[in-house]
Amino acid sequence: MKKVLQPGGGRDSRPDLGQIVKINLKTRLLDGTLVEELSEFWFTLGHKEVIPALDWAVRLMGMGEKAVIKTDGRYANGFRGNLYPEIPSKADLSLEVKVLEATDAPDLKLLSPTEKIALATCNKEQGNVLYWCRAYNYAVLKYSTALKITESISEDDIRSEEENKLMEMKVKCLNNMAASMLKLEDYDEALTCCSAVLMYQPKNVKALFHIGKVLALQDKYSEAIQTLRKALELEPRNKTVHDELSTMMKKHREHEAAMDEKMLENPSSTHKHQAKSAWGLSWKWLLGATAVAIGGIALAVAIYARK
């Protein structure tokens, strides 16, 4: 359902599919709780870069129009499930949207390598903004778009300085995507991104750091610690890596202690149990023997009395 708060330019000013649309967006739960607020957020209309309710609603809005869209959970999920941890599963949402502008998407075939790198940088930077807004799904899409742009650049067409920029762009996008995947708990994809980084830069500390975190989350503490130690060898003064390694070693010790406790019983309690069992057995034997002896005496007395 859509409620117009501020009329816009009308039907003739509506954006077309494939255009890049810039909007202001506030997302709330139906009880009024503000989930996110994004200023000048842009996406390609019809490319499944946003939740279905938002994509469909903007197609019917003119330039300058401001509206509230209420949608149920069927049309409020991102491409990887719930958009944010703060949004309960299948929750209904209220979206306050204002359409700012719409422009044609650039034709990558007509752009120079320098222009492509600039466009990829723009997508990466917006991905960073979305990451800090905890819009991890949207951030992943922006990093993916940036990578697709870089992949369209032929190495034969670029200069040496552009080649370095291109390499740095790919590495940053992959590392940032790995961080987003960690937040989304998609550990396999996070490892895939890190592996791609290490193919470009085998000594990349951020990629090693992310791999260490993924391995720890999978309870592979020994491998995680080894990976973080390798990262610390490359950057001994990296406080983030050092702190993570200390935390991980502590968790590893706790994990090992818990496993030992499950595998082995408490020796003192086992000894007491065995002693108790032996004492119980001896009493049973003693009572049985006593009963047999008494029975034997009674039988002997009876025989003697008959005689």
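Residues numbered from 1 in each chain as written. Predicted model: local features only at pLDDT ≥ 70, side-chain atom pairs only at ≥ 80, totals over all residues. Heavy atoms only, no water.

Per an unreviewed UniProt entry, the protein goes by peptidylprolyl isomerase and derives from Gouania willdenowi. On record in UniProt, under Catalytic activity (unreviewed entry), the comment for the protein is "[protein]-peptidylproline (omega=180) = [protein]-peptidylproline (omega=0)". (UniProt positions renumbered as here; feature names shortened; annotations may be inferred.)

Peer 1: Describe the pairing of strand 5 (residues 93-104), naming the residues involved and giving the relevant values.
Peer 2: Taken residue by residue, a regular strand's side chains alternate between the two faces of the sheet. Looking at chain direction, strand 2 (residues 19-29) and strand 5 are connected through eleven bridges and run antiparallel. In the strand pairing of strand 5, Thr-27 is matched with Leu-95. Examined bridge by bridge, strand 4 (residues 66-71) and strand 5 share six bridges and lie antiparallel to one another. Counted as the bridge partner of Thr-71 is Leu-93 from strand 5. (Pairing = 2+ DSSP bridges. Helix = DSSP H or I, 4+ residues; strand = E, 2+ residues; numbered from the N terminus.)

Peer 1: Describe the packing of helix 4 (residues 160-183) against helix 6 (residues 205-217), with residues and values.
Peer 2: The N-to-C vectors of helix 4 and helix 6 enclose an angle of 20 degrees; their axes lie 10 Å apart at closest approach. Judged by the angle between their axes, helix 4 and helix 6 are roughly parallel. Relative to helix 6, helix 4 is oriented so that their crossing is left-handed. On the side of helix 4, the interface is formed by Asn-175, Ala-178, Ala-179 and Leu-182, while helix 6 contributes Lys-206, Ala-207, His-210, Lys-213, Val-214 and Leu-217. (Axes fitted to C-alpha atoms, helices over the stretch in contact; angles between N-to-C directions. Parallel < 35°, antiparallel > 145°, perpendicular 65-115°, else oblique. Left-handed = near helix turned anticlockwise from the far one by under 90°. Contact = heavy atoms within 4.5 Å.)

Peer 1: Which residues make up the pairing of strand 2, and what values do they have?
Peer 2: Judged from the eight bridges that link them, strand 2 and strand 3 (residues 34-44) form a sheet pairing that is antiparallel. Among the inter-strand pairings, Arg-28 is bridged to a residue of strand 3, identified as Leu-34. Where strand 2 folds back on strand 3, the antiparallel hairpin that results is connected by four residues, among which Gly-32 adopts a positive phi of roughly 100 degrees.

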